[in-house]
Amino acid sequence: MLTRGSSGRTAEVAGRLREIAADLLATGEIDVFIGYEEGTLPLRTSPAFLTRPDDVSRLVWNYMCENNLAVYLPGLKGRVGVVVKGCDVRALVNLIVERQVRRDDVKIVGVPCGGVVDRRKLAAALGEGHETIRSAAETADGVVVVAGDGFEKAVPIEDVLSASCVACTHPVPVVYDFLAGDDEAARRACPKEQAYSDVDAFASRGPEERFAYFAREIERCIECYACRQACPLCYCPECFVDRQSPKWVGRWRDLSDKMVFHLGRVLHTAGRCVDCGACRRACPAGIDLRLLAKRIEKDVLEFFGHEPGVDLTAVPVFATYKREDPGDFIL
Amino acid sequence: MLNVEHFGRQRACDGAEDPRATKEGSIAPGRARDETGEAWEPRIVAFLCNWCSYAGADLAGTSRMQYPPNVRIVRVPCSGRVDPLLILKCLQQGADGVLVSGCHPGDCHYIAGNYLARRKFALLADLLHFVGIERGRVHFSWVSAAEGEKFADVVRRVTESVKALGKPTRLVKERQR
């Protein structure tokens, strides 16, 4: 039997989530509750869609609740309760601002977030020969004990947090109907001036080096478009990569086509991307998808003073303009 | 719908025996050379808005102003119509440079198309630079219908900038090189 318990704070949150879900479902305020349940492998959780109050015992909360559940909301019929972390709710705010989801149709159950584990970082922390993980359990607040064939190792969560979580500026949901857990339990927000340190470090390299890195990363793309599928903001009925006329992206595994796809995608999520990290986690090739998005996020903040997903009354950044927007680059 | 692949096909077909290649070379001063030492003239796609810049280009022409013949003009209803993807696609399909030109701020026929375009272009320009694609490949300008001289000047500056960079190697589709 795989044991993947949670302890202390996370157990408390899970208990609150069950209470809230049971209550909402019992009173008929919502038709479906979307949360997390145990996955079929250790260190995995799956999205859970609950329709009956009896099912709420399936709900869990731990450091592996990584999926951004806002991805299920556009186009969903009926009223929904959804569990969101600090980043997820910002994606949801975007969806509401862009009128893909009606605020009245959704009960937002926020969780003050302690960050989620990056499985690739964890694998690196465990080292070679420790690929097969049999069980993982949170033994104390902020420590995961991972056990596999012939090894057992305690890993502090802080060391293996996803890069998006390290740079997170809003660990506590900015909008919610219910808050499961204490604000105090959330990660400390990353100071604004540190949020873009990796982007700035990359920008300080030479153009040849930057292009070489970009090409090396994008070359690995197998064009599965998992990043698009995982992204809550990629809800277009027909994506530009799927269009046949005009054909924006060729199908011959050409590097330049992959580059056009990734540059196009990042431009389409410009001013909307909240760095939830869903694309990066979904990528089977482990491409550094965050870098471009983070640069654009920084640009949008610097050029237009816009921070996505923090204000329900905001106007999408490309649906408006200011006379004093930067224009020095124009001849 | 503008066929974005058209430009690439045309370029892929016409080679050294294209009569225009020699003709253009003889007009433009200071012919650039590619890595094999052959004369090379950049081809620059210019997206000009129907109401200002296209008329500006027309004025430059009817006034017999001299400017490099390296631009291939695409008339668009508004600079706001120019999707950043079009620019990426031009570079990918073998354009050596891209110019997008629209009405001056405040003069847009559609009130705010150029303001909205400016936001998109600011991000695109920075993103291209960030991933290591030369800044001098993609240019933006505001040219009014009365500014024939400015249009000629912009084309001169853009052509010089692209010539200085030489043939593109980044983002270009393999078969287009």
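In this report, the structure presented in the accompanying data block is examined. Here the structure is a predicted model, which means the values were calculated and not measured. Along each chain, numbering runs from 1 in the same order as the chain's sequence is written. Lettering for chains starts from A, numbering for ligands starts from 1, and both go in the order in which the items are written. Where local features are concerned, this predicted model is filtered to residues with pLDDT of at least 70; where side-chain atom pairs are given and counted, the filter is 80 or more; whole-chain, interface and lining totals use all residues. Values reported for side chains reflect all heavy atoms of the structure, with hydrogen atoms and water molecules removed beforehand.

**Side note on the overall build of chain A**
Across its full length, chain A carries 10 helices and 8 strands. The globule rule puts the C-alpha radius of gyration for 331 residues at 20 Å, and the 20 Å found for chain A is close to it. Viewed in the frame of its principal axes, chain A has a C-alpha envelope of about 65 × 50 × 40 Å. In what follows, a contact means two residues having at least one pair of non-hydrogen atoms within 4.5 Å. By sequence separation, contacts in chain A at least 24 residues apart represent 68% of the contacts at least 6 residues apart. The secondary structure listing takes helices from DSSP runs of H or I that are at least 4 residues long and strands from runs of E that are at least 2 residues long, numbered from the N terminus. The globule rule used for comparison is 2.2 Å times the number of residues to the exponent 0.38, while the radius of gyration itself is calculated over C-alpha atoms.

**As for the environment of A:A124**
Position of A:A124 relative to the elements: it lies in helix α3 (residues 119-126). Separated by 36 residues in sequence, A:A124 and A:V160 place their C-alpha atoms 8.9 Å apart.

**Some remarks on the sheet that holds strand β4 (residues 106-110) of chain A**
All names here are of chain A. Pairing between two strands is assigned when DSSP locates at least 2 bridges connecting them. Taken in spatial order, the 5 strands line up as β2-β1-β3-β4-β8 in an open sheet, and their pairing is mixed. In this open sheet, the two strands that pair with only one neighbour each are β2 (45-50) and β8 (178-179). Relative to β4, strand β3 (residues 80-84) runs parallel, the two being bridged by 5 bridges. Within the sheet, the bridge partner assigned to V80 lies in β4 and is V106. Only the stretch in contact is used when a helix axis is fitted, and all axes are lines through C-alpha atoms; the angle between N-to-C directions ranges over 0 to 180 degrees. Contacts between helix α1 (residues 8-27) and the sheet are confined to β1 (32-38), β2, β3, β4 and β8, with β1 contributing the most and set at about 150° to the helix.

**Digging into the interface of chain B and chain A**
Taken together, the contacts link 41 residues of chain B with 47 residues of chain A. Surface buried jointly by chain B and chain A totals about 3900 Å² across both partners, of which 71% is contributed by carbon and sulfur atoms. When the buried area of chain B at its contact with chain A is split by residue, B:R119, B:L123 and B:F130 rank highest and sum to 23% of it. For the salt bridge of B:R170 with A:E208, the shortest nitrogen-to-oxygen distance reads 3.5 Å. Between N or O atoms, a polar contact is any pair within 3.5 Å; within protein, one atom must be a potential hydrogen donor and the other a potential acceptor, and residues adjacent in sequence are included only when both atoms are from side chains. Linking chain B to chain A there are 16 residue pairs in polar contact (both at pLDDT 80 or more). Contributions of two or more residues to the side of chain B that touches chain A are made by α1 (4-13), α4 (84-92), α5 (113-130), β6 (138-142) and α6 (148-165) of chain B. Ranked by residue count, the leading element in the side of chain B that touches chain A is α5(B), at 14 residues. Under the scheme applied, nonpolar residues are Ala, Val, Leu, Ile, Met, Phe, Trp, Tyr, Cys and Pro; charged residues are Asp, Glu, Lys and Arg; polar residues are all the others, including Gly. Its residues assigned to classes, the side of chain B that touches chain A comprises 25 nonpolar, 5 polar and 11 charged. When two components associate, each loses some accessible surface as probed by a 1.4 Å sphere; the sum of these losses over both components is called the buried area. Should a side-chain nitrogen of Lys or Arg be within 4 Å of a carboxyl oxygen of Asp or Glu, the pair is scored as a salt bridge.

**Overview of unusual backbone geometry**
Residue and element names in this part refer to chain A. Look at the link from S245 to P246: it is a cis peptide, with omega at 0°. Position of P246 among the secondary structure elements: in the loop between α7 (226-230) and α8 (255-268). The phi dihedral of R253 falls on the positive side, at around 55°, and the residue is not glycine. Take R253: it is sitting in the loop between α7 and α8. Buried residues are those whose accessible area, probed at 1.4 Å on protein chains only, stays under 20% of the maximum for their type, while exposed residues exceed 50% and partly exposed ones sit between those limits. Taking the relative accessible area as the measure of exposure, R253 reaches 52% and is therefore exposed.

**Looking at the packing of α8(A) against α5(B)**
The axes of two packed helices give the description: the angle between them and the distance between them. Orientation of α8(A) relative to α5(B), taken along the N-to-C sense of each, is 140°, at an axis distance of 11 Å. As summarised for this structure, α8(A) and α5(B) are arranged oblique, according to the angle between their axes. You can see that α8(A) and α5(B) cross each other, and the crossing is right-handed. Residues A:L263, A:V266 and A:L267 of α8(A) form the contact with α5(B), whose own contacting residues are B:L123, B:L124, B:L127 and B:L128. Residues that form the contact of α8(A) with α5(B) fall into these classes: 7 nonpolar, no polar and no charged. Here the angle decides the label: under 35 degrees means roughly parallel, over 145 means roughly antiparallel, 65 to 115 means roughly perpendicular, and every other value means oblique. Should the near helix be turned anticlockwise from the far one by less than a right angle, the crossing is termed left-handed; should it be turned clockwise, right-handed.

**Topic: the pattern of salt bridges**
Residue and element names in this part refer to chain A. Scanning the entire structure with this criterion turns up 32 salt bridges over all chains. Notably, a salt bridge pairs R119 with E66, separated by 2.9 Å at the nearest N-O pair. Taken as a pair, R119 in helix α3 and E66 in the loop between β2 and β3 lie far apart in primary sequence, 53 residues in all. Here E66 falls in the buried class, since its relative accessible area comes to 8%. Note that R290 and D198 form a salt bridge whose closest N and O atoms lie 3.1 Å from each other. Taken as a pair, R290 in helix α10 (residues 290-304) and D198 in helix α5 (residues 197-203) lie far apart in primary sequence, 92 residues in all. Look at R290 and you get buried, because its relative accessible area is 6%. A relative accessible area of 35% means that D198 is categorised as partly exposed. In the salt-bridge network here, residues are joined through shared partners; they are D198, D275, R290, K294 and E297.

**What to know about the packing of helix α6 (residues 207-219) of chain A against α8(A)**
Residues and elements named next belong to chain A. At a closest axis distance of 9 Å, the pairing of α6 and α8 adopts a crossing angle of 95°. As summarised for this structure, α6 and α8 are arranged roughly perpendicular, according to the angle between their axes. Between α6 and α8, the residues in contact are F211, F214, A215, I218 and E219 and L255, K258, M259, H262 and L263, respectively. Residues of the contact of α6 with α8, tallied by class, amount to 7 nonpolar, 1 polar and 2 charged.

**Comments concerning the packing of aromatic side chains**
We call Phe, Tyr and Trp rings a pair once their centres come within 6.5 Å, taking the six-membered ring for Trp, and we label the pair stacked below 30 degrees between planes, edge-to-face above 60, and tilted otherwise. Considering all chains together, one arrives at 13 aromatic pairs over all chains under this definition. Aromatic pair A:F202 and B:F130: ring centres 5.0 Å apart, planes at 65°, arrangement edge-to-face. Pair noted here: A:F202 is in helix α5 and B:F130 is in helix α5, and the two residues belong to different chains. Stacked on the ring of A:Y213, the Lys or Arg A:R205 has its end atom at 5.5 Å from the ring centre. Over the aromatic face of B:Y54 sits the side chain of B:R75, whose NZ or CZ is 4.8 Å from the ring centroid. Whether a charge sits over a ring comes down to the Lys NZ or Arg CZ being within 6 Å of the ring centre and within 35 degrees of the ring normal.

**Observations regarding the sheet that holds strand β3 (residues 44-49) of chain B**
Residues and elements named next belong to chain B. Spatial ordering of the open sheet is given by β4-β3-β5-β6, a layout of 4 strands whose pairing is parallel. The sheet terminates laterally at β4 (71-76) and β6, the two strands that pair on one side only. Strand-to-strand, the axes of this sheet are offset by a mean angle of 20°, without reference to chain direction. Where strand β5 (residues 97-102) meets β6, 5 bridges bridge the pair, whose relative direction is parallel. By the bridge assignment for β6, S101 is matched with S141. Sheet strands in contact with helix α3 (residues 53-62) are β3, β4 and β5, and its direction is about 115° off that of β3.

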